[in-house]
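# Architecture at a glance
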Amino acid sequence: MSTGAPVRAATDTGAADIGPVSFTADSRWVRRVPREDARMRLICLPFAGGGASVYQRMAALLPSWVEVLAVQYPGREDRSREDPPSSVAGLVTACAIALRPYTTMPYALYGHCAGGLLAFEIAHAMGQRFGVWPQRLIVGEQPAPQAPPPDEPLHLLPDEKLLATVSERGGLPEAVARNAQLLEFLLPLLRGDFALWENYRHLPRPPLPVPITTVRGLTGSVDETALAGWAEQTSVGRTTLSVEGGHYFVVGLTAGAAGRIGGVLSAGPQAAPDGRTPA
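Cut-offs applied
- Residues numbered from 1 in each chain as written.
- Predicted model: local features only at pLDDT ≥ 70, side-chain atom pairs only at ≥ 80, totals over all residues.
- Heavy atoms only, no water.
- Helix = DSSP H or I, 4+ residues; strand = E, 2+ residues; numbered from the N terminus.
- Axes fitted to C-alpha atoms, helices over the stretch in contact; angles between N-to-C directions.
- Parallel < 35°, antiparallel > 145°, perpendicular 65-115°, else oblique.
- Contact = heavy atoms within 4.5 Å.
- Nonpolar A, V, L, I, M, F, W, Y, C, P; charged D, E, K, R; others polar.
- Core = buried A, V, L, I, M, F, W, Y, C linked by side-chain atoms within 4.5 Å.
- Buried < 20%, exposed > 50% of the residue type's maximum accessible area, 1.4 Å probe, protein only.
- Pairing = 2+ DSSP bridges.
- Salt bridge = Lys/Arg side-chain N within 4 Å of Asp/Glu carboxyl O.
- Phe/Tyr/Trp six-rings, centres within 6.5 Å; stacked < 30°, edge-to-face > 60°.
- Lys NZ or Arg CZ within 6 Å of the ring centre and 35° of its normal.
- Right-handed = clockwise from strand over helix to strand, strands pointing away.

We now examine unusual backbone geometry. Positive phi, close to 50 degrees, is recorded for Glu77, a residue that is not glycine. Within the fold, Glu77 resides in the loop between β6 (66-71) and α2 (88-99). The phi torsion at Glu141 lies on the positive side, around 55 degrees, for a residue other than glycine. In this structure, Glu141 sits in the loop between β8 (136-140) and α4 (159-168).

Our next topic: the packing of α4 against helix α6 (residues 180-198). Two packed helices can be described by the angle between their axes and the distance between those axes. For the pair α4 and α6, interaxial distance at closest approach is 11 Å and the crossing angle is 80 degrees. Between α4 and α6, the crossing angle belongs to the class labelled roughly perpendicular. The segment α4 lies against α6, with Asp159, Leu162, Leu163 and Val166 engaging Leu183, Leu187, Leu190, Arg191 and Phe194. For the contact of α4 with α6, the per-class residue count stands at 7 nonpolar, no polar and 2 charged.

Here we take up the nonpolar core. With 88 residues, the main nonpolar core has Met58 and Leu137 as its most contacted residues. Looking at this core, the element that brings in the most residues is helix α3 (residues 114-130), giving 9 residues. For Leu137, the contacting residues outside a window of four places in its chain are Leu109, Ala119, Phe120, Leu208, Val210, Pro211, Ile212, Thr213 and Trp230.

Here we come to the sheet that holds strand β10 (residues 238-243). Read across the open sheet, the 8 strands follow the order β3-β4-β6-β5-β7-β8-β9-β10; overall the sheet is mixed. With partners counted over all chains shown, the strands left at the sheet margins are β3 (24-25) and β10, one partner each. Where β8 meets strand β9 (residues 212-217), 4 bridges bridge the pair, whose relative direction is parallel. Across the sheet, the residue bridging to Leu137 is Ile212, located in β9. Along the sheet, α2 contacts β4 (30-32), β5 (40-45) and β6; its crossing angle with β6, the most-contacted strand, is approximately 145 degrees.

The next point concerns the pattern of salt bridges. By the definition in use, this model includes 11 salt bridges. Here Arg31 makes a salt bridge to Asp78, at a shortest N to O gap of 3.0 Å. Of this pair, Arg31 sits in strand β4 while Asp78 is found in the loop between β6 and α2, placing the two residues 47 residues apart along the sequence. Two residues, Glu121 and Arg205, come together in a salt bridge whose shortest N-O distance is 2.9 Å. Of the two residues, Glu121 sits in helix α3 while Arg205 sits in the loop between α6 and β9, which places them 84 residues apart along the sequence. The buried category is assigned to Glu121, whose relative accessible area is 11%. Looking at Arg205, the relative accessible area reads 21%, which means it is partly exposed.

By the definition in use, this model includes 4 aromatic pairs. Ring centres of Phe47 and Tyr248 lie 4.8 Å apart, and the angle between their planes is 65 degrees; this geometry places the pair in the edge-to-face category. Of this pair, Phe47 sits in the loop between β5 and α1 (56-61) while Tyr248 sits in the loop between β10 and α8 (255-266), and the two are 201 residues apart along the sequence. Both residues of the pair, Phe47 and Tyr248, count as buried. The lysine or arginine in question, Arg79, covers the ring of Trp29, its NZ or CZ lying 4.4 Å from the ring centre.

Turning to the pairing of β6, a few remarks are in order. In terms of burial, β6 is a largely internal element, 6 of the 6 residues being buried. Burial of β6 is two-sided: the residues Val66, Val68 and Ala70 facing one way and the residues Glu67, Leu69 and Val71 facing the other way are all buried. Looking at chain direction, β4 and β6 are connected through 3 bridges and run antiparallel. The residue of β6 that forms the bridge with Arg32 is Leu69. Two elements, β5 and β6, share 5 bridges in a ladder whose sense is parallel. Bridged to Leu42 within β6 is Val68. This β-α-β element, β5 to α1 to β6, shows right-handed connectivity.

Shown next as structure tokens:
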């Protein structure tokens, strides 16, 4: 998989032009851009309907000391012949086992939208099962796990309204929207992923001993009120970021947004209790 076009990558001293970034398929579950000088791994979990490739810009734009690893869920991209996930618990277990070998250096978790809930559950699983807590959990455009379910679940919408809603949020490229064959494949996947996470119910437990950073797009669909509840899920503190873009800002990630996320990673594991970074 390749981005297909050069982008400008963030570095410790500025930005540099680099060529297309390609993920290496380490296993069925893991796609990675190896970095020889990496001192931290950022493990990324895609949003509903998304695959590992949505993080190619993240891999290209973060500093070279960050090795980006993206999880590839079954049922999409190069795993399209497999059945999509049908159980949150089963997905968490499979991801935790697949990711365990990559936690031998400091690592952080990034999850976008529903991927944020999965990242939260994986953080608990990695710490409780293997004793390897992430240095930080970063969540983009996703209300806290204990938030009530949506009033109008997306997975129950008619096809046209479901696609229109995803498109309005910036999650449906025009090329896909015009391709009937792709839409025929995508619709069941979207509906299944939304059903999986809209039926997710938070299991109360002690807060993570890990700082949490919530990220929202300046024109996104999740406001600060919905994100504030994440403070209850950490005993170390929450910080916030606002970056360029909408609900799916990670797909068209800008160098500025990547720089701010990289800054959070370079800050280390500690955070002031519910402190906020400037928007």
